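Structural overview
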Amino acid sequence: MDIISGQALLLLFCLILSCVLIFSTIRSKRKSPPASKLPPGPPRLPIIGNIHQVGKNPHHSFADLSKTYGPIMSLKFGSLNTVIVTSPEGAREVLRTHDQILSGRKATNAIRCINHQEASLIWLPSSSARWRLFRKLTANHLVSPQRLEATKALRMEKVQELLSFMNESSKREEAVDISLATFVTALNVTSNILFSADMGSYDSKKSNGFQDTVTGIMEAVGSPDAANYFPFMGFLDLQGNRKKMKDCCDELIRVFRTFFDAKIAEKSLHNNPKDVSDRDFVDVLLDLTEGDEAELTTYDIEHILLDLFTAGTDTNSSTVEWALSELLRNPKTMAKVQEEIDRVIGQKGGVEESDISELPYLAAVVKETFRLHPAAPLLVPRKAEADVEVLGFMVPKDTQVLVNVWAIGRDPNVWENPTRFEPERFLGKDTDVKGRDYELTPFGAGRRMCPGLPLAMKMVPLMLASLLYSFDWKFPNGAVSEDLDMDESFGITLRKTNTLHVVPVKKRAIN
Ligand code: HEM
């Protein structure tokens, strides 16, 4: 009996031991210790690290390097650790799986020189209560379905003005600077939604300055800057980005103030508050500056407006310019999209926003443009708020994290014939730009996704469809489509280096 119970005890002990071993092996497999390895990357030089490997178009340099080092790589620019992801899986991990930890922002020297990181929708960390308030205000009072409906007529009116301008140029058989013309339209839509006034004019002498100011800010923020890599050098302003940023922002804020002052004066004259439907975004914000429990100051409003003007004008207009450029280089695609628009709109005289959902090929043209020419090719730089594991590698706290959406859009492992402009690839597919398909995220994704997306997805197709419905386009001075270059200039947003100049040829009467 003793022997039997001794054997039974031994058996039981072995059984428990094996269970414990099996259980702990499974557990350790499920919960592997955090990765300690940094992502691979090119060798670094002392002090400068990898700065010498980045050219004028950083998204190109990073795309080339990722062919050697893979979909996640780490580079060092002076003291700035940077991780760049270049695959849909990497984008998903950054923008979705670890969205919360990776939703900080790495403010550049130009941003810091005006302390914009302390009052900006774009540059405040997502953990900040002010950022949440600013996001809520834009979601509820700028791009909510009700506000978009209420500002529909305004967008139509501004597109109509663009067509009238094209019509005049067509009569004179004059080439139009498409970048400037579409910028004026985007600017006036934005300024009217924000404070019910036009800021742009199609008279090139008057409005060129404003476009230069907005692109000046983009360049100052996005251009290489020694102080981004060696912060102690900030005061030297070696690249002139601080001065450029300050001058451009002072100029914009000076213009905003004239509009505020007029509004405040108007408010004090009328005791009756405006009807809700007549109130623009700045009216709503100014109300929040009043009383003992004011949620905002005019300083906050100035900085929110800086963000909305810089993020919301050039992005829309350059997307239309890239789309038109691609269509001019691809005459068959141009014919196909114009045929669709003509068939659906017929003799109605003009495109309306409600027609856009009936134009699937146009929608595919817009997606194809975003794939090849995303307005923000590296999104807006993010920052890791804590150590985090991405694609099996360690991304330490405070690292700058970039998603190269430009390179993902041209990756042969993701897209067939990636460099060809072929809108057909999207027909019959659900792939969309709304931040759920990580091979196509021109607006980013997750909590920092572009809040202007609903507005942009109305403006870009409406402008493009209207231009294609009312006009054919020819190159000036006998140039042909093969002469059209597609060179890019990077400055946080991606612009055409040589802006598109074409002559509009009227197809039908303009309403
Ligand atoms: C074609 C048009 C546009 C494109 C491609 C675009 C793209 C982007 C991208 C990529 C980001 C960064 C997202 C991220 O970090 O994951 C962004 C942020 C932002 N965009 Fe847009 N945008 C466009 C139009 C607009 C418009 C019309 C507005 C407003 C009127 C706007 C306002 C903003 C703001 C305020 C942010 C910062 C959001 C934050 O950091 O929380 N954008 N946009």
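Residues numbered from 1 in each chain as written. Predicted model: local features only at pLDDT ≥ 70, side-chain atom pairs only at ≥ 80, totals over all residues.

Before going further, it helps to examine the overall build of the chain. Within the chain, the regular secondary structure consists of 18 helices and 12 strands. Dimensions of the chain, computed from the C-alpha atoms along their principal axes, are close to 110 × 60 × 50 Å. Among the 511 residues that make up the chain, the fraction classed as buried is 42%. A fraction of 74% describes how many contacts in the chain between residues 6 or more apart in sequence connect residues 24 or more apart. (Helix = DSSP H or I, 4+ residues; strand = E, 2+ residues; numbered from the N terminus. Buried ≥ 20, exposed ≤ 12 C-beta atoms within 10 Å, placed from the backbone. Contact = placed C-beta atoms within 7 Å.)

Once that is clear, we can look at the sheet that holds strand E4 (residues 176–177). In a beta sheet, neighbouring strands pair by backbone hydrogen bonds and run either parallel or antiparallel. Spatially, E4-E12-E9 is the arrangement adopted by the 3 strands of the open sheet, whose pairing is antiparallel. Bordering the open sheet on either side are E4 and strand E9 (471–474), each of which pairs with just one other strand. Judged from the 2 bridges that link them, E4 and strand E12 (residues 501–506) form a sheet pairing that is antiparallel. Among the inter-strand pairings, Asp177 is bridged to a residue of E12, identified as His501. (Pairing = 2+ DSSP bridges.)

Let's shift gears to the sheet that holds strand E1 (residues 72–77). The sheet built from 5 strands is open, its strands ordered E1-E2-E8-E5-E3 with mixed pairing. A single partner strand is all that each edge strand has here, and the edge strands are E1 and strand E3 (104–105). Both E1 and strand E2 (residues 80–85) contribute to a ladder of 6 bridges, which runs antiparallel. The residue bridging Met73 from the neighbouring strand is Ile84, located in E2. Its contacts with the sheet put helix H3 (residues 88–97) on E1, E2 and strand E8 (400–403), and the angle it makes with E8 is roughly 130°. (Axes fitted to C-alpha atoms, helices over the stretch in contact; angles between N-to-C directions.)

This paragraph deals with the UniProt feature "binding site: heme" (unreviewed entry) in the chain. Under the UniProt annotation, "binding site: heme" (unreviewed entry) lies at Cys450. Counting through the fold element by element, Cys450 comes out in the loop between helix H17 (405–409) and helix H18 (453–470). Here Cys450 is in contact with Phe443 and Gly444, once residues within four sequence places are set aside. (UniProt positions renumbered as here; feature names shortened; annotations may be inferred.)

One can find Glu358 in the loop between helix H15 (331–345) and helix H16 (360–372). For Glu358, a count of 13 C-beta atoms within 10 Å translates into the label partly exposed. For the pair Glu358 and Phe230, spaced 128 residues apart in sequence, the C-alpha separation works out to 52 Å.

Moving on, we get to the nonpolar core. Soluble globular proteins tend to pack their nonpolar side chains together in the buried interior. Grouped together as the largest cluster of nonpolar side chains are 121 residues, with contacts concentrated most on Leu362, Val403, Met463, Leu464 and Ala465. A total of 11 residues in this core trace back to one element, the largest contributor, which is H18. Apart from the residues within four sequence positions on either side, Leu464 is in contact with Val320, Ala323, Leu362 and Val366. (Core = buried A, V, L, I, M, F, W, Y, C linked by C-beta atoms within 7 Å.)

Right, let's talk about the confidence of the model for the chain for a bit. Averaged over all residues, the pLDDT of the chain equals 90, while 91% of them reach at least 70. Across residues 1–33 the pLDDT falls below 50, and counting only partners more than four positions away or on other chains, this stretch makes 0 contacts in the model. (pLDDT = per-residue confidence, 0-100.)

What follows concerns the site of the ligand. As a structural note, the neighbourhood of the ligand is formed by 25 residues, with Ala311, Gly312, Gly444, Cys450 and Gly452 the closest of them. Looking at the shell around the ligand, the elements with two or more residues in it are helix H13 (298–312), helix H14 (314–329) and H18. Residue contributions to the shell around the ligand peak at 4 residues, all from H13. Tallied by class, residues from the shell around the ligand come to 16 nonpolar, 7 polar and 2 charged. (Near = placed C-beta within 6 Å. Nonpolar A, V, L, I, M, F, W, Y, C, P; charged D, E, K, R; others polar.)

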